[in-house]
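Coordinate inspection notes
Listed below, chain by chain, are the residues.
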Amino acid sequence: MKTPRLLIIPGLRDSGPTHWQSWLQQQYRDSRRVQQRDFASPDLERWADRIQRTLEHAGDAHEWIAVAHSFGCLALARHLADQPDSPIRSALLVAPAEPDRFGLAESLPHGRLDRSVSVIASQSDPWMSASSALRWATRWGASYSNLGDVGHINAESGFGPFPLAKRWVEAARSRAAREQRPLHADFREWQFAL
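Described below are features of the structure shown in this document. Model, not experiment: these values are computed from the prediction. (Residues numbered from 1 in each chain as written. Predicted model: local features only at pLDDT ≥ 70, side-chain atom pairs only at ≥ 80, totals over all residues. Heavy atoms only, no water.)

Turning next to the overall build of the protein chain. Secondary structure assignment for the protein chain yields 5 helices and 6 strands. Reading the secondary structure of the protein chain in the N-to-C direction produces β-α-β-α-β-α-β-β-α-β-α. Against the 2.2 N^0.38 benchmark of 16 Å for 194 residues, the protein chain shows a C-alpha radius of gyration of 18 Å, consistent with a compact globule. The C-alpha extent of the protein chain, read off along each of the three principal axes, is 65 × 30 × 30 Å. (Helix = DSSP H or I, 4+ residues; strand = E, 2+ residues; numbered from the N terminus. Rg over C-alpha atoms; globule rule 2.2 N^0.38 Å.)

This is the structure we're talking about:
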């Protein structure tokens, strides 16, 4: 039984060393980070393709849980729509960027994403309004949480360590472990009763 690995998907300009994504990545030795060729160029197709290439390069049969931020959320949503057999079993989208700012609303999935997805937004995010985040979460069949007046949920708004994201990762890993257990115990497990 393999525990799903963590995939970190940063947004524009990457997530620096004081960003909560960098902190979260340090909590899991076997995690991977998607490295874009150009973190300043928001190209949805290329970013989604880099997610796929990162997973392929990992080259193992693991399932993954993905944690994305800002424009990385849009790239992940596109990846999940383009790759229905993606090994990503669940996704956390934190402070998604507004697709309309990039002219990408029509390039994103407008229906349910075929896996467990959670969206965490902010009441005062300059990159996407809370109402727009709720609308996209609803389209994607995602759970939705609004943290209130906390900005873009990045290092600049005070998010270095982000225990909520770590709790989500731990819960996703626990769910995966429960789902991998057999429904009935093997006969050898009952030998203590003899």
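The next subject is the packing of aromatic side chains. If you walk through the whole model with that rule in mind, you get 7 aromatic pairs. Measuring from centroid to centroid gives 5.0 Å for Phe71 and Phe102, while their planes differ by 70°, and the two rings are edge-to-face. Taken together, the residues Phe71 in helix α3 (residues 71–82) and Phe102 in the loop between β4 (88–94) and β5 (116–121) connect sequence positions 31 residues apart. Phe71 gets classed as buried once you look at its relative accessible area, which sits at 0%. When the ring of Trp136 is compared with that of Trp140, the centres are 5.3 Å apart and the planes differ by 45°; the resulting orientation is tilted. For the pair shown, Trp136 and Trp140 are each scored as buried. Through successive ring pairs, a cluster of aromatic residues spans Phe39, Trp47, Phe71, Phe102 and Trp127. In this structure, Arg101 packs its charged tip against the face of Trp127, placed 4.1 Å from the ring centre. For Arg139, the ring lying beneath its charged end belongs to Trp136, and the centroid distance is 4.4 Å. (Phe/Tyr/Trp six-rings, centres within 6.5 Å; stacked < 30°, edge-to-face > 60°. Buried < 20%, exposed > 50% of the residue type's maximum accessible area, 1.4 Å probe, protein only. Lys NZ or Arg CZ within 6 Å of the ring centre and 35° of its normal.)

This next bit is on the pattern of salt bridges. Between side chains of opposite charge, a pair can form as their charged atoms come close. Counted by the stated rule, this structure contains 7 salt bridges. Salt-bridge contacts for Arg53 lead to Asp49; the nearest nitrogen and oxygen are separated by 2.9 Å. Residue Arg53 and its partner Asp49 are both found in helix α2 (residues 44–58); the two are separated by 4 residues, about one turn of the helix. Taking relative accessible area as the criterion, Asp49 reaches 33% and is therefore assigned partly exposed. Ionic pairing is found between Glu179 and Arg89, a salt bridge with its closest N-O pair at 2.2 Å. Of this pair, Glu179 sits in helix α5 (residues 163–180) while Arg89 sits in strand β4, and the two are 90 residues apart along the sequence. Among the charged side chains, a salt-bridge network with shared partners connects Glu45, Arg78 and Asp82. (Salt bridge = Lys/Arg side-chain N within 4 Å of Asp/Glu carboxyl O.)

Among the nonpolar cores identified, the biggest contains 37 residues, and Leu7, Ile9, Ile51, Phe71, Leu76, Ile88 and Leu93 are the most heavily contacted of them. Per-element tally for this core: the top contributor is α3, with 7 residues. With residues up to four places along the chain from it excluded, the contact list for Leu93 reads Ala68, Cys73, Leu76, Val117, Ser118, Val119, Ile120 and Trp140. Grouped together as the second largest cluster of nonpolar side chains are 19 residues, Trp20, Ile65, Ile120 and Ile153 included. (Core = buried A, V, L, I, M, F, W, Y, C linked by side-chain atoms within 4.5 Å. Contact = heavy atoms within 4.5 Å.)

Take the packing of α2 against α3 next. Interhelical geometry of α2 versus α3 gives an angle of 70° and a closest axis separation of 8 Å. In terms of axis orientation, α2 runs roughly perpendicular to α3. Both α2 and α3 take part in a crossing whose hand is right-handed. Taking contact as the criterion, the partners of Leu44, Glu45, Trp47, Ala48, Ile51, Gln52 and Leu55 in α2 are, on α3, Phe71, Gly72, Leu74, Ala75, Leu76, Arg78, His79 and Asp82. Across the contact of α2 with α3, the residue classes tally to 9 nonpolar, 3 polar and 3 charged. (Axes fitted to C-alpha atoms, helices over the stretch in contact; angles between N-to-C directions. Parallel < 35°, antiparallel > 145°, perpendicular 65-115°, else oblique. Left-handed = near helix turned anticlockwise from the far one by under 90°. Nonpolar A, V, L, I, M, F, W, Y, C, P; charged D, E, K, R; others polar.)

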